Amino acid sequence: MRTATVEIRGELLELLPEKAVWWAGRHALVLSDTHFGKVTHFRRNGLYVPSSAKLETIKRLEWLIVKYQPETVFVLGDLFHSASNEETQDVMDLLARHPEIRFVVVIGNHDRHHEPLLEKLGWESVYEWEEGPFTFVHEPQSIDGRYVLAGHIHPAVRLQGKGRQRLKRPCFHFGDMLGVLPAFGEFTGTYVIEPQKSDTIGVCLEDEIWLISSESPLDDGLG
């Protein structure tokens, strides 16, 4: 596995292929849009989704917790997707296995009806969170003087090969004042962005981050 590191406001953020950020300076994992409950919700409504998909997101999160031993896990919104279902219990079980970790969720548009559940789970829930030079929110926005980290849009880029191959992959997207994280959830859609030349993009491949910036010749791979 190959990660990539970006420096923002003097802080080093390690971008992980699992679609999360390891912020070593704060011993924190930062991720967004887990959408727990979405797979079960879709299956109950007659849409075919492999049942194994509902476990992939929680397994990936726990793997990162075991590997990095964070003091805090920040979720930048849309922790849950729909009404409580069996995936809610999976989250409760995860919390029970790691009582030493502080879990903080920034309320997203899918979370607004779940605040009583978040309280029951013991998550700290807020609409905005300041940590070091960053402000964590769910929906991308401008906040005077602060570097904003957000989620919500599930960013992705299209990569174009020499033989007209085109591949859409989730990505991290960092601009001058705003960074947007990819959706962490296993079964989520994506929105293809159109980055500026000055932006930095961390493309999530199977086991590595492909870093593209204005200084990188890999810019030509975006299509």
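The preceding data block contains the structure.
Heads up: these notes are all about the structure in this document. (Residues numbered from 1 in each chain as written. Predicted model: local features only at pLDDT ≥ 70, side-chain atom pairs only at ≥ 80, totals over all residues. Heavy atoms only, no water.)

Observations regarding the nonpolar core
Formed by 27 residues in total, the largest nonpolar core has its most connected members in Leu29 and Trp123. Broken down by secondary-structure element, the contributors of at least two residues to this core are β3 (20-23), β4 (28-31), α2 (53-68), β5 (72-75), α3 (86-97), β6 (102-106) and α4 (115-121). The element that contributes the greatest number of residues to this core is α2, accounting for five residues. When neighbours within four sequence positions are excluded, Leu29 is seen to be in contact with Leu16, Val21, Trp22, Leu64, Ile65, Tyr68, Pro70, Thr72, Val73 and Phe74. Core analysis: the next-biggest nonpolar cluster, separate from the first, contains 23 residues, Leu15, Leu76, Val104 and Leu149 among them. (Core = buried A, V, L, I, M, F, W, Y, C linked by side-chain atoms within 4.5 Å. Buried < 20%, exposed > 50% of the residue type's maximum accessible area, 1.4 Å probe, protein only. Helix = DSSP H or I, 4+ residues; strand = E, 2+ residues; numbered from the N terminus. Contact = heavy atoms within 4.5 Å.)

Some points on the pattern of salt bridges
A side chain with one charge may pair with a side chain of the opposite charge, provided their charged atoms come close. All chains considered together, the criterion is met by seven salt bridges. For Glu56, the salt bridge goes to Lys59, with nearest N and O atoms at 3.7 Å. Taken together, the residues span about one helical turn, with Glu56 and Lys59 both in helix α2 at a distance of three residues. Given a relative accessible area of 30%, Glu56 falls into the partly exposed group. Note that Arg97 is salt-bridged to Glu62, the shortest N-O span being 2.7 Å. Residue Arg97 is found in helix α3, and its partner Glu62 is found in helix α2; the two are separated by 35 residues along the sequence. (Salt bridge = Lys/Arg side-chain N within 4 Å of Asp/Glu carboxyl O.)

Comments concerning the side chain of His173
By the element assignment, His173 lies in strand β12 (residues 166-174). A distance of 2.8 Å separates the side chain of His173 from the side chain of Asp199, its partner in a polar contact. Non-local contacts of His173, meaning those with residues more than four positions away in its chain, are made with Leu178, Gly179, Val180, Ile193, Pro195, Asp199, Thr200 and Ile201. (Polar contact = N/O pair within 3.5 Å; in protein donor to acceptor, adjacent residues only side chain to side chain.)

Here we look at the environment of Val75
The residue Val75 is located in strand β5 in this model. Excluding anything up to four places from it in sequence, Val75 contacts Leu31, Ser32, Asp33, Thr34, Val104, Val105, Val106 and Trp123.

Regarding the sheet that holds β3
In a beta sheet, neighbouring strands are held together by backbone hydrogen bonds and run either parallel or antiparallel to one another. If you trace the seven strands from one edge of the open sheet to the other, you get β1-β2-β3-β4-β5-β6-β7, paired in mixed fashion. The sheet is open, and its two borders are formed by β1 (4-8) and β7 (124-126), each paired with just one other strand. If you compare each strand with its neighbour and ignore which way they point, the axes differ by 25 degrees on average. Direction of pairing for β4 relative to β5: parallel, over a ladder of four bridges. Each residue of the ladder has a partner; that of Leu29, found in β5, is Val73. (Pairing = 2+ DSSP bridges. Axes fitted to C-alpha atoms, helices over the stretch in contact; angles between N-to-C directions.)

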